[in-house]
Amino acid sequence: MMNWHKARLAGLVATVLMAACSGCGDEDGETPDDEDPTEQTDRPGFANSDKEPEGLPFNLPAGIELTDPIKGFNPFDPDGSCKREEDEKALAPRGSGDLIRLCMEFRNTTNGPINIELPPGLIFVSSSQKVQHGMLVQGLTIEVPSDQYMVAPIKGYCLNDTRSGNAPTDLFKKGPVTQYSDFKELFALLASKQLPVTGGAVAQIQSIVWNLTHEKALTQAERDFIAALPNK
């Protein structure tokens, strides 16, 4: 059986090291002597913190129910792992990121379609402290048809660089929306950009997110990278 946790995290870390490692240490590429990778962050649920993530509560629109817990999906077989049995095929994954892959099953209990606005900064809380929490870095709009279920495959970014990427069997719950000012600045910079689904640019964005979880300010190189991303 494939070890999803190790395979997906190892693959992305290798890409990050090739695409973005120049921003991970000092100007010579070395980690500063006074930097302790095991030191607990002051941000609950971020980096190597084992506390519950904090932020503003996020409530779904009236008439919308979300199946709990939220399960993962197989990125190589979303049609088979992220749909209801009666669905002919799965919807295309939404969002950007390689390490968070979730199947959000919504139910619309009304007789009219409802738009769900998932905001940037929305956190998905892992049920295991060995598996990363996830976050959206860009808002998503999902329309759920009237009086039915809909399964939406969602991709996002990892908040814990010391934990494993999620497997299809890992469980999550809807968490809060982060309010840290540096993350809000990142979301504002990314809001008008066409984010990639996968690849080297995703690895670079993941590296930026990891840096922010460790309370490292955005660098000029990171700002230049974001500015160069294509607009929507």
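In this report, we go over the structure that sits alongside the text. Everything numeric here is computed off the predicted structure, so don't read it as measured data. (Residues numbered from 1 in each chain as written. Predicted model: local features only at pLDDT ≥ 70, side-chain atom pairs only at ≥ 80, totals over all residues. Heavy atoms only, no water.)

So, on to the packing of aromatic side chains. As enumerated under the stated definition, the model contains 3 aromatic pairs in all. Where Phe46 meets Tyr180, the ring centres are 5.5 Å apart and the plane angle is 70°; that geometry is what we call edge-to-face. With a gap of 134 residues between them, Phe46 in the loop between helix H1 (4-20) and strand S1 (64-66) and Tyr180 in the loop between strand S10 (171-177) and helix H3 (181-190) connect regions that are remote in the sequence. Classification of Phe46 as buried rests on a relative accessible area of 0%. On the basis of relative accessible area, Tyr180 is assigned to the partly exposed category, the value being 23%. Here the aromatic rings of Phe183 and Phe187 are separated by 6.1 Å at their centres, their planes lie at 45°, and the arrangement is tilted. On the criterion of helical spacing, the pair formed by Phe183 and Phe187 is a turn pair, its members being 4 residues apart in helix H3. Look at Phe187 and you get buried, because its relative accessible area is 8%. Among the aromatic side chains, those forming a connected cluster through ring pairs are Phe46, Tyr180, Phe183 and Phe187. The lysine or arginine in question, Arg43, covers the ring of Tyr180, its NZ or CZ lying 4.2 Å from the ring centre. (Phe/Tyr/Trp six-rings, centres within 6.5 Å; stacked < 30°, edge-to-face > 60°. Helix = DSSP H or I, 4+ residues; strand = E, 2+ residues; numbered from the N terminus. Buried < 20%, exposed > 50% of the residue type's maximum accessible area, 1.4 Å probe, protein only. Lys NZ or Arg CZ within 6 Å of the ring centre and 35° of its normal.)

To continue, consider H3. Three or more residues of H3 are buried, namely Asp182, Phe183, Leu186, Phe187 and Leu190. Angular distribution of buried residues about the axis of H3 spans 145°; they occupy a single face of the element. Away from its buried face, by an angle of more than 90 degrees, H3 presents the exposed residues Ser181 and Ala188. On its buried face, H3 is in contact with strand S7 (134-135), helix H4 (200-213) and helix H5 (220-228). (Arc of directions from axis to C-beta. Contact = heavy atoms within 4.5 Å.)

Here we come to the pattern of salt bridges. Note on pairing: side chains with opposite charge can pair once their charged atoms come close. One pass over the structure, following the stated rule, counts 7 salt bridges. A salt bridge links Glu86 to Arg84; the shortest N-O distance between them is 2.8 Å. Its relative accessible area of 21% is what places Arg84 among the partly exposed residues. One salt bridge connects Arg84 with Glu105, and the closest N-O pair in it is separated by 3.0 Å. (Salt bridge = Lys/Arg side-chain N within 4 Å of Asp/Glu carboxyl O.)

We now examine the pairing of strand S6 (residues 122-126). With 5 of its 5 residues buried, S6 lies for the most part within the structure. With 4 bridges joining them, S6 and S10 adopt antiparallel strand pairing. Considered in S10, the bridge of Ser126 is made with Phe172. In this structure, S6 lies alongside S7, joined through 2 bridges in antiparallel fashion. Across the sheet, residue Ile123 finds its bridge partner in S7, namely Met135. (Pairing = 2+ DSSP bridges.)

A complete count under the given rule lists 1 disulfide for this structure. A sulfur-sulfur distance of 2.2 Å marks the disulfide that ties Cys82 to Cys103. Here the residue Cys82 occupies a position in the loop between helix H2 (78-81) and strand S3 (94-95), and Cys103 occupies one in strand S4 (residues 100-108), the gap between them amounting to 21 residues. Cys82 gets classed as buried once you look at its relative accessible area, which sits at 1%. (Disulfide = S-S within 2.5 Å.)

What follows covers the packing of H4 against H5. Between two packed helices, what matters for the description is the angle formed by their axes and the separation of those axes. Packing of H4 against H5 brings their axes to within 11 Å, and their N-to-C directions diverge by 140°. Here H5 runs oblique to H4, going by the angle between their axes. Seen from above, H4 lies across H5 with left-handed handedness. Here H4 contributes Ala201, Gln204, Ile205, Ile208 and Asn211 to the contact with H5, which in turn contributes Glu222, Phe225 and Ile226. Looking at the contact of H4 with H5, its residues break down into 5 nonpolar, 2 polar and 1 charged. (Axes fitted to C-alpha atoms, helices over the stretch in contact; angles between N-to-C directions. Parallel < 35°, antiparallel > 145°, perpendicular 65-115°, else oblique. Left-handed = near helix turned anticlockwise from the far one by under 90°. Nonpolar A, V, L, I, M, F, W, Y, C, P; charged D, E, K, R; others polar.)

A word on the side chain of Asp170. The residue Asp170 is located in the loop between strand S9 (148-158) and S10 in this model. Buried and unpaired, Asp170 has Arg101 as its nearest opposite-charge partner, separated by 6.8 Å. Within the structure, the side chain of Asp170 is placed 2.6 Å from the backbone nitrogen of Ala167, a separation counted as a polar contact. (Lys, Arg positive; Asp, Glu negative; His and termini not counted. Polar contact = N/O pair within 3.5 Å; in protein donor to acceptor, adjacent residues only side chain to side chain.)

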